[in-house]
Amino acid sequence: MTLTAIAFVVLLLLGLPVGFVMLGASMIYFFQNPMMASIVAQRMGSALESFPLLAVPLFVVAGCAMARGGIADRLYGFAETLVGHWKGGLAQIAVVNSLFMGAMSGSANADAAIDARTIVPVMRQHGYTNAYGSVVSAASALIAPIMPPSIALIVYGLLTDTSIGRLFMGGVIPAFFIAAALMLTVRWCARRHGHTQARTERARPREIWTKGHAALWALAMPVLLLFGLRTGFFTPTELGAFAALYAFFVGAVIYKGLSFSDSYDLLRESALTTAGVMFIVASASVFSLILSLEQLPQMLVSQLLGISENKYVVLIVINIALLVLGTIFEGLAIIIILGPFLLDVATSLGIDPVHLGVVLVFNTAIGSVTPPIGTVMFTVCSITKCSIEDFSKEFLPFLAVLVGLLLLFTLVPPIITFLPNVLM
């Protein structure tokens, strides 16, 4: 195990993607016993033999179709009529737009990439700094992993045998909390930096109606998703298939933003994104087997339970540890490796699995925008050409707000559990 740990650290320091880090360390562990070497391939293959896991590529396709089919433009126009007249109008639009897009993409990286390409250039033209625009795009993208159809919540539900429908419902109210908190932060920053409104006058009801009607097909998707889950008409996997078909139909037929020639690029982008997610799932499955063989989960559980019998104290300790880990590791990898083990701790303390899941996903999402290795931060900065130093300085007030929200969600479980308990 010592050699495996050394290999893990060395591969991580070399800058390899986390999937390759886990797989490389796992191969060294099993190759020390040639009789067990074949387990690596078998374990990777069996980890992906899951029908519910098919929901991931389907929702990825739906998100890509939404981004390419003209839907993002209409959502932006509708958001502009709602909050464009507020202080820091363009930044407010970015947050509201992420609330809409998060209910379709299911991925913080996807949502951040869309905003970085579309909204940040406009913000620069209106006097916002490149760093501030990049930070707003990255921070508002954290709504996506919490809103259904969140890919991270799907993976957590599959690993811990938690109802994905309840997880989806549990993320709705926190997502609106995040949006509201970010909008207040943007307003505070607007007064500090002198940011103006995106439009001088409040939009008239007729204009709001016109823009809302134009975006109606896009806005209907999250409603249909929640309705399908609530009524039991769809399983999460079937819902993914429906969402993909719906996104293609709206983009190609209604908004006419997709053509037949676009399908190849769209499916190629979806395949590359899905491959990255699945490789992490497969590699983490092998690595988690090593942890089980070495009985590290049992040690982790006993250590955490030994800290305190108060579940909130244990949750705060878990959150601090995960915030640190999230700055180094891919959030999905953390969920895959630690999710089932942390659920054992939660069960021992009477913590609702849905509450734990949403807190865990939000925690790792914060890590994805935090230096030094936040994946969402790098996605945005690579598109906007923003330096990590400038990004970090502008991100501090947003980080304080996001950590405050994490503490709120941790200490007030009904924010997460109310909707699932009422509707399901």
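Predicted model, so just to flag it, every value in this text is computed and none were measured. (Residues numbered from 1 in each chain as written. Predicted model: local features only at pLDDT ≥ 70, side-chain atom pairs only at ≥ 80, totals over all residues. Heavy atoms only, no water.)

Here the focus is the overall build of the protein chain. A tally of regular secondary structure across the protein chain gives 21 helices and zero strands. The C-alpha radius of gyration computed for the protein chain amounts to 21 Å, which stays within 12% of the reference 22 Å derived for 424 residues, consistent with globular compactness. Overall, the C-alpha framework of the protein chain stretches about 70 × 45 × 45 Å when taken along its three principal axes. The 424 residues of the protein chain split such that 55% are buried. In the structure as shown, the protein chain presents an accessible area of about 18,000 Å², 67% of it carried by carbon and sulfur atoms. If the 21 positive side-chain charges of the protein chain are averaged to one point and the 20 negative ones to another, these points end up 12 Å apart. (Helix = DSSP H or I, 4+ residues; strand = E, 2+ residues; numbered from the N terminus. Rg over C-alpha atoms; globule rule 2.2 N^0.38 Å. Buried < 20%, exposed > 50% of the residue type's maximum accessible area, 1.4 Å probe, protein only. Areas by Shrake-Rupley, 256 points an atom, 1.4 Å probe, with all protein chains shown as cover. Lys, Arg positive; Asp, Glu negative; His and termini not counted. Charge placed at Lys NZ, Arg CZ, Asp CG, Glu CD.)

Along the polypeptide, Phe 31 turns up in helix H2 (residues 18-31). The exposure class of Phe 31 is partly exposed, given its relative accessible area of 47%.

All right, on to the packing of aromatic side chains then. Using the criterion set out here, one finds seven aromatic pairs in the structure. Considering the side-chain rings of Phe 20 and Phe 279, the 4.7 Å spacing of their centres and the 45° angle between planes classify their relative orientation as tilted. Of this pair, Phe 20 sits in helix H2 while Phe 279 sits in helix H14 (residues 262-293), and the two are 259 residues apart along the sequence. A relative accessible area of 44% places Phe 20 in the partly exposed class. For Phe 279, a relative accessible area of 23% translates into the label partly exposed. Through a chain of ring-to-ring contacts, three or more aromatic side chains come together here, namely Tyr 128, Tyr 132 and Phe 398. (Phe/Tyr/Trp six-rings, centres within 6.5 Å; stacked < 30°, edge-to-face > 60°.)

Geometry of a packed helix pair, given as the angle between the helix axes and the separation of the axes. At a minimum axis separation of 10 Å, helix H9 (residues 151-160) and helix H18 (residues 353-367) run at an interaxial angle of 135°. Relative to H18, the element H9 is oriented oblique. In terms of crossing hand, the pair formed by H9 and H18 is right-handed. Every residue of H18 that contacts H9 at Ala 152, Leu 153 and Tyr 156 is listed here: Pro 353, Leu 356, Gly 357, Val 358, Leu 360 and Val 361. Its residues assigned to classes, the contact of H9 with H18 shows eight nonpolar, one polar and no charged. (Axes fitted to C-alpha atoms, helices over the stretch in contact; angles between N-to-C directions. Parallel < 35°, antiparallel > 145°, perpendicular 65-115°, else oblique. Left-handed = near helix turned anticlockwise from the far one by under 90°. Contact = heavy atoms within 4.5 Å. Nonpolar A, V, L, I, M, F, W, Y, C, P; charged D, E, K, R; others polar.)

Turning to the environment of Val 135, a few remarks are in order. Mapped onto the elements, Val 135 comes out in helix H8 (residues 130-140). The spatial distance from the C-alpha of Val 135 to the C-alpha of Thr 370 is 10 Å, given a sequence separation of 235 residues. In contact with Val 135, not counting residues within four places along its chain, are Phe 391, Glu 394, Phe 395 and Phe 398.

Further remarks concern the packing of helix H1 (residues 2-13) against H2. Contact pair H1 / H2: the axes reach a minimum separation of 8 Å and the direction vectors enclose 155°. By the criterion of interaxial angle, the relationship of H1 to H2 is roughly antiparallel. With respect to the hand of their crossing, H1 and H2 are arranged in right-handed fashion. Every residue of H2 that contacts H1 at Leu 3, Thr 4, Ala 7, Phe 8, Leu 11 and Leu 12 is listed here: Phe 20, Val 21, Met 22, Gly 24, Ala 25, Ile 28 and Tyr 29.

Next up on the list: the nonpolar core. Among the nonpolar cores identified, the biggest contains 138 residues, and Met 22, Val 56, Tyr 132, Phe 362 and Phe 398 are the most heavily contacted of them. Contact partners of Met 22, with chain neighbours within four places excluded, come to Phe 8, Ile 280, Ser 283, Ala 284, Phe 287, Ala 333 and Ile 337. (Core = buried A, V, L, I, M, F, W, Y, C linked by side-chain atoms within 4.5 Å.)

Let us now look at helix H17 (residues 331-349). Considering bend angle alone, the principal kink of H17 is centred on Leu 338 and spans about 50°; proline Pro 340 follows within four residues of it. The buried fraction of H17 amounts to 15 of the 19 residues, a majority that puts the element mostly inside the structure. Looking one or two residues beyond H17, the residue adopting positive phi is Gly 350, at roughly 75°. (Bend = angle between axes of the 7 residues up to and from the residue.)

A word on the environment of Asp 390. The topology assignment puts Asp 390 in helix H20 (residues 388-411). Between the alpha carbons of Asp 390 and Val 135 there is a distance of 9.5 Å; along the sequence they are 255 residues apart.

Once that is clear, we can look at helix H13 (residues 236-254). Given a rise of 1.5 Å per residue, 19 residues ought to cover 27 Å, and the 25 Å separating the end C-alpha atoms of H13 matches this to within 8%. Taken together, the buried positions of H13 are occupied by Pro 236, Thr 237, Leu 239, Gly 240, Ala 243, Ala 244, Tyr 246, Ala 247, Val 250 and Gly 251. Looking one or two places after H13, you find Lys 256, whose phi comes out positive at around 55°. (Expected span 1.5 Å × (residues − 1).)

This part takes up unusual backbone geometry. Although it is not a glycine, Asp 161 sits at a positive phi angle of roughly 55°. Looking at the element boundaries, Asp 161 is found in the loop between H9 and helix H10 (164-193). With phi around 60°, Lys 385 is a residue other than glycine that occupies positive phi space. Tracing the chain through its elements places Lys 385 in the loop between helix H19 (375-384) and H20. With a relative accessible area of 70%, Lys 385 lands in the exposed category.

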